[in-house]
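Observations on the model geometry
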Amino acid sequence: MNQFVRTEVVEFSAPLKEAHFPFPRAESLFDALSFCVTDYYTKARIGNPFEARGVLVIGESRQGKSHEIQKVLTQFNDGSVVMPDGRPAKILHCILSGKVTWKDLGVKILELLGYKLRGRRTQADIWDMVIKYAELQGVVGIHFDECQHVFTDDGQRTNQQILDSFKTLLKETRWPLMLILSGIPSLSSHIAKEEQLAFLLRTVRFDCINLGSKADMEELVQLTYSYADKAGLNFDPLATKDFLERLSFSCCDRWGLVIELLIETFTLSQVAGEKDCSKDKFSQAFAQKYSTPVGYSPFTVPNYRDSFDQDILLQVLDRSR
């Protein structure tokens, strides 16, 4: 084994990273996509031109949106969903990492379809090719991840063109495409500006942790115990309201960040041969994640809400991605 690979860390962390906690939001996402697919299948079987439906998934960053969507798309793309024409259906995944034009986006989708564009083509030609190759390959939908990147605060005309283009994909008479648009909450305000597009999308919200809610508190308890059990650790010493509030705060009230910190902490505990979960290991994992001095964390500082700024913590994580 390569000297850079710590085999004991791999052994302990792999099962935790493979684990999946069944959040209620996952059910909402599945139900929304199932509604769209059923609607698409029904209309395709009738045989007349039709418009597709889509899903809008919104939530702050590091909430686990991409993970949940990827999980349901893996399930969808396993070949079990067969359309009326007898072919297995597929949904593409396209992540938008920066500002792109609609033409650039078309080129990117063509590459996902396995077509390398040669020579210069107009935007209309490119998207005509997208529709053609999507139909040939049985692609019935596209997931645009981090979709807020195609919009700007001051580009009203460009934004409207993007909205119209999304609407056109749903209404494309030759081969309509279901859309999954995911991003931060500002994406919802952009979509709302095109009434027809908004009408065709079902919204699924990934909310931040709110421990003032009994449901969220119970969810966090179940989450921590679930991962502790997976790691063979006893979480009872930390199962207090104060600790759970510190855990949520240290992760900026983001479910995805809580899971990441649990995995890091429990891996440290397993490597150290511990049987009980401890604040020290959570503090150590926090220091590694946010590059703070060891021992200085929301788990150890009495007035942690005054000592740490969640916005700054998020900025640290964004810079490290």
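Our subject is the structure listed above.
Right, let's walk through the structure included here. Computed from a predicted structure; not experimentally measured.

1. Here's the deal with the overall build of the protein
Scanning the protein for helices and strands turns up 14 helices and five strands. In terms of overall dimensions, the protein has C-alpha extents of about 60 × 45 × 45 Å along its principal axes. Pairs at least 24 residues apart make up 71% of the contacts formed inside the protein by residues separated by at least 6 positions. Accessible surface computed for the protein: about 16300 Å², of which carbon and sulfur atoms make up 50%. Within the protein, the 42 negative side-chain charges are centred at a point lying 6 Å from the centre of the 38 positive side-chain charges.

2. A look at unusual backbone geometry
Phi angles above zero are rare outside glycine, and Glu146 is one such case at about 55°. Within the secondary structure, Glu146 is located in the loop between strand E3 (139–145) and helix H6 (156–171). Even without being a glycine, Asp253 presents a positive backbone phi close to 60°. Along the chain, Asp253 falls in the loop between helix H10 (241–250) and helix H11 (255–271). For Asp253, a relative accessible area of 22% puts it in the partly exposed group.

3. Section: the pattern of salt bridges
Overall, the coordinates contain 14 salt bridges when judged by the stated rule. Salt-bridge contacts for Asp85 lead to Arg87; the nearest nitrogen and oxygen are separated by 3.1 Å. With relative accessibility at 44%, the residue Asp85 sits in the partly exposed group.

4. Quick look at the nonpolar core
Of all hydrophobic cores here, the largest spans 60 residues; its most connected members are Ile109, Val140, Phe144, Phe166 and Leu181. Among the elements that take part in this core, helix H5 (residues 123–137) stands out by supplying seven residues, more than any other. Residues in contact with Ile109, not counting those within four places in the same chain, are Leu92, Cys94, Trp127, Val130, Ile142 and Phe144.

5. As for H5
Across its 15 residues, H5 extends 21 Å between first and last C-alpha, which sits within 8% of the 21 Å expected from 1.5 Å per residue. Every buried residue of H5 is accounted for by Ile126, Trp127, Met129, Val130, Ile131, Tyr133 and Ala134. Positive backbone phi, approximately 75°, marks Gly138, located one or two places after H5.

6. Focus: the environment of Lys275
Assignment of secondary structure puts Lys275 in the loop between H11 and helix H12 (279–290). Overall, the relative accessible area of 62% leaves Lys275 in the exposed class.

7. Overview of the packing of helix H9 (residues 214–231) against H10
Interhelical geometry of H9 versus H10 gives an angle of 85° and a closest axis separation of 11 Å. For the element pair H9 / H10, the angle class is roughly perpendicular. Contacts between H9 and H10 pair Met217, Leu220, Val221 and Thr224 from the former with Lys241, Leu244, Leu247 and Ser248 from the latter. Looking at the contact of H9 with H10 residue by residue, the class counts come to five nonpolar, two polar and one charged.

8. Concerning the state of the cysteines
Counting across every chain of the model gives zero disulfides. The structure places no disulfide on Cys36, whose sulfur is separated from the nearest cysteine sulfur, that of Cys147, by 15 Å. With a relative accessible area of 1%, Cys36 lands in the buried category. In this structure Cys251 is not part of a disulfide, and its nearest cysteine sulfur, from Cys252, lies 7.3 Å away.

Calculation notes
Residue numbers run consecutively from 1 along every chain, following the written order of its sequence. The predicted origin of the model limits local features to residues at a pLDDT of at least 70 and limits the giving and counting of side-chain atom pairs to 80 or more, whereas totals for whole chains, interfaces and linings rest on all residues. Note: side-chain values were computed over all heavy atoms of the structure, leaving out hydrogens and water. In this text, helices come from DSSP runs of H or I with a minimum length of four residues, and strands from runs of E with a minimum of two, each type numbered from the N-terminal end. Any two residues whose heavy atoms approach within 4.5 Å are treated as being in contact. What sets the accessible areas is the Shrake-Rupley method with a 1.4 Å probe; for residues, cover comes only from the shown protein chains. In this count, Lys and Arg are taken as positive residues and Asp and Glu as negative ones, while His and the chain termini are left out. To locate a charge, take atom NZ for lysine, CZ for arginine, CG for aspartate or CD for glutamate. Only protein chains enter the accessibility calculation, which uses a 1.4 Å probe. A residue is then buried if its area is under 20% of the maximum for its type, exposed if over 50%, and partly exposed in between. When a carboxyl oxygen of Asp or Glu is within 4 Å of a side-chain nitrogen of Lys or Arg, the pair counts as a salt bridge. Only buried residues count toward a nonpolar core. Its members are Ala, Val, Leu, Ile, Met, Phe, Trp, Tyr and Cys residues joined through side-chain atoms within 4.5 Å. Expected span, for any helix, means 1.5 Å times one less than how many residues it has. Every axis corresponds to a line fitted to the C-alpha atoms, with the helix fit spanning only the stretch in contact, and the corresponding angles, defined between N-to-C directions, vary from 0 to 180 degrees. Oblique is the label for every angle not falling under 35 degrees (roughly parallel), over 145 degrees (roughly antiparallel), or within 65 to 115 degrees (roughly perpendicular). In this classification, Asp, Glu, Lys and Arg are treated as charged, Ala, Val, Leu, Ile, Met, Phe, Trp, Tyr, Cys and Pro as nonpolar, and every other residue, Gly included, as polar. Disulfide: a pair of cysteine sulfur atoms within 2.5 Å of each other.

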